[in-house]
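Residues per chain, in single letters:
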Amino acid sequence: MQAYEIELRGERATRKAGQILGELLRQQPTGKRDFVLALEGELGAGKTTFIRGLAKGLGIRSKITSPSFLVAKRYTIPSARTRRRSFGLRPQDDGKGRVFWHFDFYRLERPTQRDLELLNFHQILSDLHTIVAIEWAERAMHSLPEKRLTLRFTTLNSRARKLIVSE
Ligand SMILES: Nc1ncnc2c1ncn2[C@@H]1O[C@H](COP(=O)(O)OP(=O)(O)OP(=O)(O)O)[C@@H](O)[C@H]1O
Ligand SMILES: [Mg+2]
């Protein structure tokens, strides 16, 4: 298993790393494979900050707020055609709108199958037009698809974080 490790010096670096990944995902053809991002790491390690950058890279304009109380939030990804005009990207949209889901399992501690059912978790994960990012993904480890990108954040000190990306 290949893993990439980077040091993120300051909040901006965390945001930027998320934005770059968002831009990459945004350009992938939709409907062929799912994109599940499992974000792990202790309180304050930078998961939400990364997701804010990710959403920006995906072209989402609305503010990403922590879904801690709601557990899950849904955002619409603007169509590639709209972006093509303004950013010169090739259209990768097959007409079906893409959606970004932000989950945060902090408040569930150990999500049960019933919790996941109520959240429609498995259905959302299996939708090929959806990009899903999960904070505290380690709490739902056994319910995650095998094909996922794991982003593990660690606090190095008050001014830096470490990010390990693995498949
Ligand atoms: N690379 C970094 N260096 C220093 N501070 C950072 C870095 N990345 C993020 N931060 C800061 O760390 C704090 C916590 O970040 P964030 O809310 O993203 O963490 P989190 O992992 O989502 O925490 P929680 O588990 O509570 O949801 C924020 O104040 C953010 O600005
Ligand atoms: Mg958070």
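A quick note: this is a predicted structure, and the numbers were derived from the prediction, not measured.

### Remarks on the packing of aromatic side chains
Argument step 1. According to the stated counting rule, one finds seven aromatic pairs in the structure shown.
Argument step 2. Aromatic side chains Y106 and W136 sit 5.2 Å apart centroid to centroid with 40 degrees between the ring planes, which places their arrangement in the tilted category. Note that Y106 is positioned in the loop between β4 (98–104) and α4 (113–118) and W136 in the loop between β5 (130–135) and β6 (149–157), a separation of 30 residues in sequence.
Argument step 3. Since its relative accessible area comes to 29%, Y106 is described here as partly exposed.
Argument step 4. Owing to a relative accessible area of 12%, W136 belongs among the buried residues under this scheme.
Argument step 5. Through pairs of rings, three or more aromatic residues link up here, namely W101, F103, F105 and F121.
Argument step 6. Above the ring of W136, the side-chain terminus of R139 is found at 4.4 Å from the ring centroid.

### Considering the nonpolar core
Argument step 1. In this structure, F50, L54 and F100 are the most contacted members of the largest nonpolar core, which totals 24 residues.
Argument step 2. Mapped by element, the contributors of at least two residues to this core are α1 (11–26), β2 (35–40), α2 (47–58), β3 (72–77), β5, β6 and β7 (160–166).
Argument step 3. For this core, the element with the most residues is α2, which contributes five residues.
Argument step 4. Look past the residues within four positions of F50 in its chain and what remains in contact with it is T14, A17, G18, L21, L39, L151, F153 and L163.
Argument step 5. If you look at the next biggest cluster of nonpolar residues, it comprises 19 residues, including V71, F105, L119 and W136.

### Comments concerning the side chain of H102
Argument step 1. Secondary-structure assignment places H102 in strand β4.
Argument step 2. By relative accessible area, H102 is classed as buried at 0%.
Argument step 3. Within the structure, H102 has its side chain in polar contact with the side chain of E135 (distance 2.8 Å).

### Structural notes on the site of ligand 1
Argument step 1. If you check the shell around ligand 1, you find 18 residues, and the closest are T14, G44, K47, T48 and T49.
Argument step 2. Between ligand 1 and G44, the relevant distance is 2.9 Å, taken from an oxygen atom to a main-chain nitrogen or oxygen of the residue.
Argument step 3. Interatomic distance of 3.2 Å between a backbone N/O atom of R159 and a nitrogen atom of ligand 1.
Argument step 4. Coverage of ligand 1 by the protein chains reaches 76% of its 640 Å² of free accessible surface.
Argument step 5. Here the shell around ligand 1 gets three residues from one element, more than from any other, and that element is α2.
Argument step 6. Residue composition of the shell around ligand 1, by class: five nonpolar, seven polar and six charged.

Reading the values: rules and limits
Residues numbered from 1 in each chain as written. Chains lettered and ligands numbered in written order. Predicted model: local features only at pLDDT ≥ 70, side-chain atom pairs only at ≥ 80, totals over all residues. Heavy atoms only, no water. Phe/Tyr/Trp six-rings, centres within 6.5 Å; stacked < 30°, edge-to-face > 60°. Helix = DSSP H or I, 4+ residues; strand = E, 2+ residues; numbered from the N terminus. Buried < 20%, exposed > 50% of the residue type's maximum accessible area, 1.4 Å probe, protein only. Lys NZ or Arg CZ within 6 Å of the ring centre and 35° of its normal. Core = buried A, V, L, I, M, F, W, Y, C linked by side-chain atoms within 4.5 Å. Contact = heavy atoms within 4.5 Å. Polar contact = N/O pair within 3.5 Å; in protein donor to acceptor, adjacent residues only side chain to side chain. Near = heavy atom within 4 Å. Areas by Shrake-Rupley, 256 points an atom, 1.4 Å probe, with all protein chains shown as cover. Nonpolar A, V, L, I, M, F, W, Y, C, P; charged D, E, K, R; others polar.

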